[in-house]
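# Breakdown of the fold
Listed below, chain by chain, are the residues.
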Amino acid sequence: MATSPAPAPAPRTGKELIFDWEGKDRNGRVVRGEMRAGGEAAVNALLRRQGIMVTRVRKRRLSGGRAVGQKDLAIFTRQLAAMMKAGVPLLQSFDIVGRGATNPRLARLVNDIRSDIETGTSLSAAFRKHPLVFDSLYCNLVEAGEAGGILESLLDRLALYQEKTVAIKQKIKSALMYPVAVLIVAMIVISVIMIFVVPSFKSMFANFGASLPAPTLFVVAVSEFFVQWWWAMLAAGAAGAYFLRQSWRRSEKVQAFMDRALLRVPVFGGLVEKSVVARWTRTMSTLFAAGVPLVEALDSVGGAAGNSLYATATEQIQRDVSAGGSLTNAMQSAGLFPVMVLQMAAIGEESGSLDQMLAKAAEFYEEEVDQMVKGLSSLMEPFILVFLGGLIAAIVIAMYLPLFKMGAVV
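Here is a short report on the structure shown in this document.

Reading the values: rules and limits
Residues numbered from 1 in each chain as written. Predicted model: local features only at pLDDT ≥ 70, side-chain atom pairs only at ≥ 80, totals over all residues. Heavy atoms only, no water. Helix = DSSP H or I, 4+ residues; strand = E, 2+ residues; numbered from the N terminus. Buried < 20%, exposed > 50% of the residue type's maximum accessible area, 1.4 Å probe, protein only. Contact = heavy atoms within 4.5 Å. Areas by Shrake-Rupley, 256 points an atom, 1.4 Å probe, with all protein chains shown as cover. Salt bridge = Lys/Arg side-chain N within 4 Å of Asp/Glu carboxyl O. Patch = residues over 30% accessible without salt bridge, like charges linked within 9 Å, V, L, I, M, F, W, Y side chains within 5 Å. Expected span 1.5 Å × (residues − 1). Bend = angle between axes of the 7 residues up to and from the residue. Axes fitted to C-alpha atoms, helices over the stretch in contact; angles between N-to-C directions. Parallel < 35°, antiparallel > 145°, perpendicular 65-115°, else oblique. Nonpolar A, V, L, I, M, F, W, Y, C, P; charged D, E, K, R; others polar. Core = buried A, V, L, I, M, F, W, Y, C linked by side-chain atoms within 4.5 Å. Phe/Tyr/Trp six-rings, centres within 6.5 Å; stacked < 30°, edge-to-face > 60°.

### Topic: the overall build of the protein
The secondary structure content of the protein amounts to 15 helices and 4 strands. Relative to its full complement of 410 residues, the protein shows a buried share of 39%. For the protein, long-range pairs separated by at least 24 residues make up 63% of all intrachain contacts whose partners lie at least 6 apart in sequence. Counting every atom, the protein has about 22,400 Å² of accessible surface; 62% of that belongs to carbon and sulfur.

Set out below in structure tokens:
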């Protein structure tokens, strides 16, 4: 039994599908393979011309799969860059990457792009047909690589950019994940105490025949509110979270307000600012090193930073540079960039190595983000545990105060 290498693809007719086939070659050996074709008849016809007696042809079923995320895109770009640097032809590279994709949606996307390239479409034009996955920055870099005959090195640089971007976002998420998870658990625990535990104490206190301490009365009142309105609180919380998410995504004013508020949050604001500066300088360095003119590069930089304040500032920087000003002066006028970034940009402009200086600034701030995440993780854990433990202890003490008072009287 053997596995046959994939035959040459059949002429493309309409929407192509992927078929798994099995048959016997001229020597009677069982062979298997896969083929992209317009239908089962085309698979049978092509295999017969190659001397294979087909015994089974089955269309491959692809499940829906998850949406193609930035991590999927980073892996795809790295694999494609590695294939091309190894001298593998472009169409064959797409075949290899498509077969190795674990996300069915990514596999279908790769197959669609391969089909477009097979008909003579350029790689950048094929990418531009899928704007939800490949943004303008990605397509512009690929187009610059094709025009300059340096597609392999551009894909390698783009893969590095994608990996750095994914890594810094993961660090921010890891810094926020622990406190958010602990706060959610704290809310659940407190809700359970208020709805189920405190009412049992309340029924016991009803037989005391004496006034309750103020802390106990407060906890009992909060418990009664929870018992009566828990469903409204849950619905309001879910509706508020949904409304905030939709407003953040659809309203530029809300997005600007939230982005500004994030930068002012104690401790976390510094982390967000450093991550935004790292992404801004990394994107600018990647585009400028690829030969994209400065004014055109600024078109993509603002959106890639991930903060509306920096996006607005980048638009003003682009206008200043277009009017003949230097990049350093324009960045300084924005009032958002640290002194070190401004100095590195000034040195880069004077020495003609702006891409290298911005890359060094990006590496510095990426390292700063990494160190801050490690510091926050070690700092937040005891603080949150003390806060949660203190809150629950206060509730417990408030409920046992009447018992202590009663014991003191006896």
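### Thoughts on the environment of Trp280
Mapped onto the secondary structure, Trp280 falls in helix H10 (residues 268-289). In the structure, Trp280 is positioned 81 residues away from Ala361 in sequence and 10.0 Å away in space, judged by C-alpha atoms.

### Points about the pattern of salt bridges
Applying the stated rule across the entire model yields 11 salt bridges. Note that Arg56 and Glu22 form a salt bridge whose closest N and O atoms lie 3.2 Å from each other. In this pair, Arg56 is assigned in strand S4 (residues 53-59) and Glu22 in strand S2 (residues 17-24), connecting sequence segments 34 residues apart. In this structure, the salt-bridge partner of Arg29 is Asp25, at a minimum N-O distance of 3.2 Å. Beyond isolated ion pairs, a larger network of salt bridges with shared partners links Arg78, Asp156 and Glu163.

### Quick word on a nonpolar patch on the surface
Judged by side-chain polarity, Leu176, Val180, Ile184, Ile188, Val192, Phe196 and Val197 come together as a nonpolar surface patch covering roughly 610 Å² of accessible area. By secondary structure assignment, the location of Leu176 is in helix H7 (residues 151-205).

### Structural notes on the side chain of Ser223
Within the element layout of this structure, Ser223 appears in helix H8 (residues 214-250). Note on Ser223: relative accessible area 3%, which makes it buried. Setting aside chain neighbours within four positions, we find Ser223 in contact with Met194, Val198 and Pro199.

### Concerning helix H2 (residues 70-85)
For H2, spanning 16 residues, the distance from its first C-alpha to its last is 22 Å, which sits close to the expected 22 Å at 1.5 Å a residue. Every buried residue of H2 is listed here: Asp72, Leu73, Ala74, Phe76, Thr77, Leu80, Ala81 and Met84. On its buried face, H2 is in contact with helix H3 (90-100), helix H4 (104-118), helix H5 (123-128), helix H6 (136-148) and H7. Backbone geometry just downstream of H2 places Gly87 in the positive-phi region, at approximately 90°.

### Considerations on the environment of Ala330
Tracing the backbone through its elements, the reader meets Ala330 in helix H13 (residues 327-334). According to the relative accessible area criterion, Ala330 is buried, its value standing at 4%. For Ala330 and Asp320, which are 10 residues apart along the polypeptide, the C-alpha to C-alpha distance reads 6.0 Å. Not counting the four nearest positions on each side in its chain, Ala330 is found in contact with Ile317, Asp320 and Val321.

### Brief notes about H7
Relative to the 81 Å expected for 55 residues at 1.5 Å per residue, H7 spans 78 Å between its end C-alpha atoms, a close match to the ideal helical length. When the local axis directions of H7 are compared, the greatest deviation, roughly 35°, occurs at Met194.

### Focus on the side chain of Glu22
The buried category is assigned to Glu22, whose relative accessible area is 18%. When near neighbours in sequence (up to four residues on either side) are disregarded, Glu22 contacts Val30, Val31, Arg32, Val54, Thr55 and Arg56.

### A closer look at the packing of H7 against H10
When two helices pack together, their arrangement is given by the angle between their axes and by how far apart the axes lie. For the pair H7 and H10, interaxial distance at closest approach is 10 Å and the crossing angle is 175°. As far as their axial angle goes, H10 and H7 are roughly antiparallel. For the pair H7 and H10, contact is made by Arg157, Tyr161, Lys164, Thr165, Ile168, Lys169, Ile172, Ala175, Leu176 and Pro179 and by Phe268, Leu271, Ser275, Ala278, Arg279, Arg282, Thr283, Thr286 and Ala289, respectively. Residue composition of the contact of H7 with H10, by class: 10 nonpolar, 4 polar and 5 charged.

### Some remarks on the nonpolar core
One recurring pattern in soluble globular proteins: nonpolar side chains tend to sit buried together. In this structure, Phe76 and Phe127 are the most contacted members of the largest nonpolar core, which totals 67 residues. Considering every element that reaches this core, the biggest residue donor is H7, with 10 residues. Leave out the neighbours within four places in its chain, and Phe76 touches Phe94, Val97, Val110, Phe127, Phe134 and Tyr138. Counting 12 residues, the second largest nonpolar core, distinct from the first, contains Met194, Phe205, Phe226 and Ile395.

### Describing the packing of aromatic side chains
Considering all chains together, one arrives at 10 aromatic pairs under this definition. Taking 6.1 Å as the distance between ring centres and 55° as the angle between the ring planes, the aromatic pair formed by Phe76 and Phe94 counts as tilted. On the criterion of sequence distance, the pair formed by Phe76 in helix H2 and Phe94 in helix H3 is long-range, its members being 18 residues apart. When its relative accessible area of 1% is taken as the criterion, Phe76 is described as buried.

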